[in-house]
Amino acid sequence: MKNICVYCGSNPGRIEAYADGARALAKALVDRGLGLVYGGASVGIMGLMADSVLQLGGRAVGVIPEALKQKEIEHKGLSELHVTKSMHERKTLMAELSDGFIALPGGVGTLEEIFEIWTWAQLGFHAKPCGLLNVAGYYDTLTTFLDHTVAEQFVKPAHRSTLMVEHAPDTLLDRFASYQPPTVHKWIEKSGT
Ligand code: AMP
């Protein structure tokens, strides 16, 4: 693994613990020689994540769509900043540049991004690990709901378990390093086939 994509909020969140979680993840990435790929903004947890990686001497690559460049105040001090024509192009490039995907606490954008890339894993479009860094229990209720999707038989246990959920960045990155994609496929067998 060379680069990890981190999806995270464009807001800082209610408590300082979320920023602490981003700093801890930044340190774990830099300690392992892993580069950061993220949405390229200078605001909220996004900006803090990039600042922390850069301050520790790491590499931070941003990918931002032209339309959000002004609104989100792109980060001016990144190792690289890619400006894309669309949101779809942004997400595709972030996926191509990265060897694994982590969501820190964030809002609807963060949730959409991690769910999309996790969906692609479930469909076998890529074989890269996906996880939630459950800072201050932010993802506890989502984890409970995901278990409910399995109980109600809309998601297979083998697919549910591919979205790793950990409190500690090092534990999550250790699990990423030994990740094996599921061999169970998504499709329901047609009877008689
Ligand atoms: P948020 O978690 O909502 O603060 O957003 C974090 C990141 O997700 C930002 O880089 C946003 O540009 C991005 N984002 C927000 N809404 C969407 C969306 N509908 N689809 C894809 N990305 C989004």
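Quick note: structure is the one above.
The present account deals with the structure reproduced in this document. Please read all numbers here as calculations on a predicted model, not as lab measurements.

As for the sheet that holds strand β1 (residues 3–7)
Part 1 of the argument: Spatially, 7 strands are ordered β4-β3-β2-β1-β5-β6-β7 in an open sheet, and the strand pairing comes out parallel. Each edge of the sheet is formed by a strand with only one pairing partner; in this case those strands are β4 (80–84) and β7 (163–166). Each strand axis lies, on average, 25° off the axis of its neighbour in the sheet, ignoring direction.
Part 2 of the argument: Direction of pairing for β1 relative to strand β2 (residues 35–38): parallel, over a ladder of 3 bridges. Looking at the pairing, Asn3 lines up with Gly35 of β2.
Part 3 of the argument: Against the sheet, helix α1 (residues 17–31) contacts β1, β2, β5 (100–103) and β6 (130–133), and its axis sits at roughly 170° relative to β1.
Part 4 of the argument: With respect to the sheet, helix α5 (residues 108–122) is in contact with β1, β5, β6 and β7, its orientation differing from that of β6 by roughly 150°.

A few points about the site of the ligand
Part 1 of the argument: In the vicinity of the ligand lie 16 residues, with Ser10, Arg90, Gly107, Gly109 and Thr110 positioned nearest.
Part 2 of the argument: Between an oxygen atom of the ligand and a side-chain N or O atom of Ser10, the distance comes to 2.7 Å.
Part 3 of the argument: Backbone polar atom of Gly109 to an oxygen atom of the ligand: 2.9 Å apart, as the coordinates give it.
Part 4 of the argument: Notes on the ligand: free accessible area 480 Å², of which the protein chains cover 77%.
Part 5 of the argument: The set of elements that each furnish at least two residues to the shell around the ligand consists of α4 (87–97) and α5.
Part 6 of the argument: If one sorts the elements of the shell around the ligand by residue count, α5 sits on top with 5 residues.
Part 7 of the argument: Residues that form the shell around the ligand fall into these classes: 5 nonpolar, 6 polar and 5 charged.

Brief notes about the nonpolar core
Part 1 of the argument: Ranked by size, the top nonpolar core spans 30 residues in total, and within it Val6, Leu29, Leu36, Met49 and Leu104 carry the most contacts.
Part 2 of the argument: Residue assignment for this core shows that the elements contributing at least two residues are β1, α1, β2, α2 (44–55) and α8 (169–177).
Part 3 of the argument: Examining the composition of this core, we find that 7 residues originate from one element, α1, more than from any other.
Part 4 of the argument: Not counting the four nearest positions on each side in its chain, Leu104 is found in contact with Val6, Tyr7, Cys8, Gly21, Ala22, Leu25, Ile45, Met49, Thr110, Leu133, Val135 and Tyr139.
Part 5 of the argument: Judged by nonpolar contacts, the second largest core, of 19 residues, contains Cys5, Val63, Ala103 and Leu132.

Digging into the pairing of β5
Part 1 of the argument: Burial along β5 is two-sided: Gly100 and Ile102 and Phe101 and Ala103, pointing in opposite directions, are all buried.
Part 2 of the argument: Judged from the 4 bridges that link them, β1 and β5 form a sheet pairing that is parallel. Among the inter-strand pairings, Tyr7 is bridged to a residue of β5, identified as Ala103.
Part 3 of the argument: Across 3 bridges, β5 lies against β6 in parallel orientation. Paired with Phe101 across the two strands is Cys130, which belongs to β6.
Part 4 of the argument: The parallel pair β5 and β6 is bridged by α5, and the resulting crossover is right-handed.

Calculation notes
Position numbers for residues count from 1 along each chain, tracking the sequence in the order it is written. Reporting of local features is limited, given that this is a predicted model, to residues whose pLDDT is at least 70; pairs of side-chain atoms are given and counted only at 80 or more, and all residues count toward the totals for whole chains, interfaces and linings. Derived side-chain values reflect all non-hydrogen atoms in the structure, with water molecules and hydrogen atoms excluded from consideration. Between any two strands, at least two bridges found by DSSP are needed for them to pair. Working definition: helices are DSSP H or I runs of at least four residues, strands are E runs of at least two. Numbering for both runs from the N terminus. Axes here mean lines fitted to C-alpha atoms, for a helix over just the part in contact, with angles spanning 0 to 180 degrees between N-to-C directions. Whether two residues touch is decided by their heavy atoms; if any such pair falls within 4.5 Å, the residues are in contact. Definition of nearness: a residue and a molecule or strand are near each other if at least one heavy atom of the residue lies within 4 Å of the molecule or strand. N or O atoms within 3.5 Å of each other form a polar contact, as long as, within protein, one can give a hydrogen and the other can take it, and as long as residues adjacent in sequence are counted only when both atoms are side-chain atoms. Using a 1.4 Å probe, the Shrake-Rupley method yields the accessible areas, and only the shown protein chains count as cover for residues. Lys, Arg, Asp and Glu make up the charged group, whereas Ala, Val, Leu, Ile, Met, Phe, Trp, Tyr, Cys and Pro make up the nonpolar group; the residues left over, Gly among them, are polar. Side-chain atoms within 4.5 Å are what join buried Ala, Val, Leu, Ile, Met, Phe, Trp, Tyr and Cys residues into a set we call a nonpolar core. For the exposure calls, accessible area comes from a 1.4 Å probe over protein chains only, and a residue counts as buried if that area is under 20% of its type's maximum, exposed if over 50%, partly exposed in between. Orient the strands so they point away from the viewer, and a crossover whose first-strand-to-second-strand path over the helix runs clockwise is right-handed.

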